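# Observations on the three-dimensional arrangement
Here is what each chain is made of, one letter per residue.
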Amino acid sequence: MDHDTESWLRLSLISGIGSRVSLQLLRALGEPAAILAAPLAALKNIVTPSVAAAVLAARQIEPPELALTKAWLAGGELRFILTLDHPHYPKVLLDLPDPPLVLYAQGHLHLLTLPALSIVGSRNATPQGLLNAEAFAAHLSQRGLCIVSGMATGIDAAAHRGGLAEQGASIAVVGTGLDRVYPARNRALAHELAERGLILSEFALGSPPIAGHFPQRNRIIAALGRGC
């Protein structure tokens, strides 16, 4: 991992600082390394004293997620960190008011360049609903659309299966760290997506399936698709 990527990770891992505040700091100071090196007085001119103190405190510690990320990157192929300035970072996310500073990615990055359609739905779908979702996704993916969903039980999983059918493509945006599979019943699907598709998360490695993560990741699912 290079120094710039590590600086982006360190900034993204500061507790209590979201993307909006981080973007405010980036606009003022230019890059993560400059933020992490800025004196307290300079930070207080941009953000609240509590945020400035949090940035200052982050310099004194080694976040455990950083070591986890280095081990994860070294532990297999097709594993990437997409920072906000990375050439493969999805440009459509830059239109969000709070684009993630960092995306953890596993799979084939070229899928981010394909026209995409998001398909999401009930976790408790009817058998016919599951068949319909898979069939629609398969039909659309065979015509060049990459199917984006959230790898949840039900319609999401069916959409991914249809998207991966034959020579199709699918991207999953998940609500946990990429070292976890949730729900566990989708483990085989997750492996297939990592090998033939792409899995994305804005959440640090080790992040559990917290309820608030799932509505948060939905904005990425919506942004990546030309429709939903």
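Right above here is the structure, for reference.
In short, a report on the structure. (Residues numbered from 1 in each chain as written. Predicted model: local features only at pLDDT ≥ 70, side-chain atom pairs only at ≥ 80, totals over all residues. Heavy atoms only, no water.)

### Description of helix 10 (residues 213–224)
Keep this limit in mind: Here a strand is any run of E in DSSP of at least two residues, a helix any run of H or I of at least four, and the numbering for each starts at the N terminus. An expected span of 1.5 Å times one less than the residue number is assigned to each helix. Throughout, exposure labels follow a simple rule: accessible area from a 1.4 Å probe, protein chains only, divided by the maximum for the residue type, with under 20% read as buried, over 50% as exposed, and the rest as partly exposed. Contacts were defined at the residue level, with two residues in contact if any of their heavy atoms lie within 4.5 Å.
Compared with an ideal rise of 1.5 Å per residue, which puts 12 residues at 16 Å, helix 10 spans 17 Å between its outermost C-alpha atoms and is within 8% of the ideal. Every buried residue of helix 10 is listed here: His213, Phe214, Arg217, Arg219, Ile220, Ile221 and Leu224. The inward-facing, buried residues of helix 10 abut strand 2 (102–107), strand 3 (116–118), strand 4 (146–149), helix 8 (155–164), strand 5 (170–173) and strand 6 (198–201).

### Quick word on unusual backbone geometry
Excluding glycine, residues mostly carry a negative phi; peptide bonds, for their part, are mostly trans. The residue after Tyr182, namely Pro183, is reached through a cis peptide bond having omega -5°. Along the chain, the position of Pro183 falls in the loop between strand 5 and helix 9 (187–196). Phi at Glu166 is positive, roughly 50°, even though this residue is not glycine. Assignment of secondary structure puts Glu166 in the loop between helix 8 and strand 5. Residue Glu166 is classed as exposed on the basis of its relative accessible area, which comes to 63%.

### Description of the layout of surface pockets
What counts, and what does not: Space inside and on the surface of the protein is sampled on a 1 Å grid over the protein atoms alone, with a cavity defined as a set of points where a 1.4 Å probe fits but cannot get out and a pocket as an open set with protein on both sides within 12 Å along at least 5 of 7 lines; lining residues have an atom within 4 Å of a point. Grid points are joined across faces, edges and corners, and a volume is the space filled by probe spheres set on the points. When residues are sorted by character, Ala, Val, Leu, Ile, Met, Phe, Trp, Tyr, Cys and Pro go into the nonpolar class, Asp, Glu, Lys and Arg into the charged class, and all the rest, Gly among them, into the polar class.
Of the voids in this model, the largest pocket is the one considered here, and its volume is about 470 Å³. Forming the walls of the largest pocket are 23 residues, and the residues nearest its centre are Ser12, Ile17, Glu202, Phe203 and Gln216. If you list the elements that add at least two residues to the lining of the largest pocket, you get helix 1 (3–12), helix 2 (19–29), strand 2 and helix 10. By residue number, the principal contributor to the lining of the largest pocket is helix 10, which donates 3 residues. Of the residues in the lining of the largest pocket, the class split is 11 nonpolar, 9 polar and 3 charged. Space inside the second largest pocket adds up to approximately 260 Å³. As for the second largest pocket, its lining consists of 16 residues, and the residues nearest its centre are Gln106, Leu178, Arg180, Val181 and Ala190. If one sorts the elements of the lining of the second largest pocket by residue count, helix 9 sits on top with 4 residues. Among the residues forming the lining of the second largest pocket, the class breakdown is 9 nonpolar, 3 polar and 4 charged.

Just geometry here; none of it tells us what the structure is for.
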